[in-house]
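Spelled out from the first residue to the last, the chains are:
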Amino acid sequence: MRRFAPGDTIVRREIMHGEVWFGYAGICVQDDDDLLVTYLPGGTRFGYPRHGVFPAGRHPYQVAGRREWHGHGMLAVHFPGIEHAVFVFWKGPQRTWNGWYFNLQDAPRRTAIGFDTLDHELDLHWAPGAPRWEWKDVAEFAATGPVRYPGRMEAIQAEGDRVARLLDAGERWWSDSWADWRPDPHWLPRQLPAGWDELAPTLP
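Analysis parameters
Residues numbered from 1 in each chain as written. Predicted model: local features only at pLDDT ≥ 70, side-chain atom pairs only at ≥ 80, totals over all residues. Heavy atoms only, no water. Pairing = 2+ DSSP bridges. Helix = DSSP H or I, 4+ residues; strand = E, 2+ residues; numbered from the N terminus. Contact = heavy atoms within 4.5 Å. Axes fitted to C-alpha atoms, helices over the stretch in contact; angles between N-to-C directions. Buried < 20%, exposed > 50% of the residue type's maximum accessible area, 1.4 Å probe, protein only. Phe/Tyr/Trp six-rings, centres within 6.5 Å; stacked < 30°, edge-to-face > 60°. Lys NZ or Arg CZ within 6 Å of the ring centre and 35° of its normal. Salt bridge = Lys/Arg side-chain N within 4 Å of Asp/Glu carboxyl O. Expected span 1.5 Å × (residues − 1). Arc of directions from axis to C-beta.

A few words on the sheet that holds strand E2 (residues 19-31). Strand order in this open sheet of 10 strands is E7-E8-E1-E2-E3-E4-E5-E6-E9-E10, and the pairing throughout is mixed. Edge strands, defined here as strands with exactly one partner in the open sheet, are strand E7 (109-110) and strand E10 (134-136). Sheet analysis places strand E9 (residues 119-126) next to E10, joined by three bridges and oriented antiparallel. Across the sheet, the residue bridging to His 125 is Glu 134, located in E10. Contacting strand E1 (9-16), E2, E9 and E10, helix H2 (residues 138-148) crosses the sheet at an angle of about 160° to E9. Contacting strand E5 (84-91), strand E6 (96-105), E9 and E10, helix H3 (residues 153-168) crosses the sheet at an angle of about 15° to E9.

So, in structure tokens, the structure goes:
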């Protein structure tokens, strides 16, 4: 299995019903047995495959006309074999931390250029200073789930419920220090490599 070094380009792709649905080129922050941490710089262009059947429709970012990531960037902390990641965002001119975002998604599956996953729509967010977390996109999950995740909705909800129970019990499986993390100032947006949308990408 290939390991990525800090600063390497690492491609995150979403696979929907056996097809590449969406992707972007991020930057590796940490890659070891315990964590895969990636950074998405502001200004990174999104990738949408040109060819496919797309039984669940095109990716919602593409439908909305979103071409790139805006803002301070996003840090994503992935755990091997775990069906969620912890996303970290910042906002405002002072780059203020904007809480912990628990993004339900497929556990990362390694590829030659990065990893594959699939966002599960349903999420949890714990805002700074808030007494408790809250669910996000519940109605959207109910509406899109039967088409996007047939036969998987109960398992996705169960993972969300598991995260909620851990949070209510005061558990922490990520480091609070990620809230203060800053990217290398030389880390600029990366480009997707040629052939990124082929189902089995190979190294250049």
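Let's shift gears to the pairing of E2. The element E2 is largely enclosed, with a buried count of 12 among its 13 residues. Relative to E2, E1 is paired through eight bridges, and the arrangement is antiparallel. Residue Glu 14 lies in a different strand from E2, and its bridge partner there is Phe 22. The loop that links E1 with its antiparallel partner E2 comprises two residues; one of these, His 17, has a positive phi angle of about 50°. With four bridges connecting them, E2 and strand E3 (residues 36-40) associate as antiparallel partners. Following the sheet pairing, Cys 28 is matched in E3 by Thr 38. If you look at the hairpin formed by E2 and E3, you'll find four residues sitting between the two strands.

This paragraph deals with the packing of aromatic side chains. Across all of its chains, the model carries 20 aromatic pairs by this definition. Geometrically, the ring pair formed by Trp 181 and Trp 187 is tilted, given 6.4 Å between the ring centres and 40° between the ring planes. Residue Trp 181 shares its accessibility class with Trp 187, and that shared class is buried. Counting every residue linked through ring pairs, the aromatic cluster contains Phe 22, Tyr 24, Phe 46, Tyr 48 and Tyr 61. Directly above the aromatic system of Tyr 61 lies the positively charged group of Arg 66, at a separation of 4.1 Å from the ring centroid. A cation over an aromatic ring shows up here: Arg 95 above the ring of Trp 90, its NZ or CZ 3.9 Å from the ring centre.

A few words on the pattern of salt bridges. Counted by the stated rule, this structure contains 11 salt bridges. Across the pair Asp 33 and Arg 3 runs a salt bridge, and its minimum N-O distance is 2.4 Å. Placement of Asp 33 in the loop between E2 and E3 and of Arg 3 in the segment before E1 is noted, with a sequence separation of 30 residues between them. Using a relative accessible area of 62% as the deciding quantity, one classes Asp 33 as exposed. Within the structure, one salt-bridge network assembled from shared partners comprises Arg 3, Asp 31, Asp 33 and Arg 110.

For H3, with 16 residues, the first-to-last C-alpha span of 22 Å sits near the 22 Å given by 1.5 Å per residue. Taken together, the buried positions of H3 are Ile 156, Glu 159, Gly 160, Val 163, Ala 164 and Leu 167. Down the axis of H3, the smallest arc covering the buried residues is 140°, so these residues share one side. Along H3, the residues that are exposed and aim more than 90 degrees away from the buried face are Glu 154, Ala 155 and Arg 165. Buried residues along H3 sit against E5, E6, E9, E10 and H2. Gly 170 sits one or two positions beyond H3 and adopts a positive phi of about 80°.

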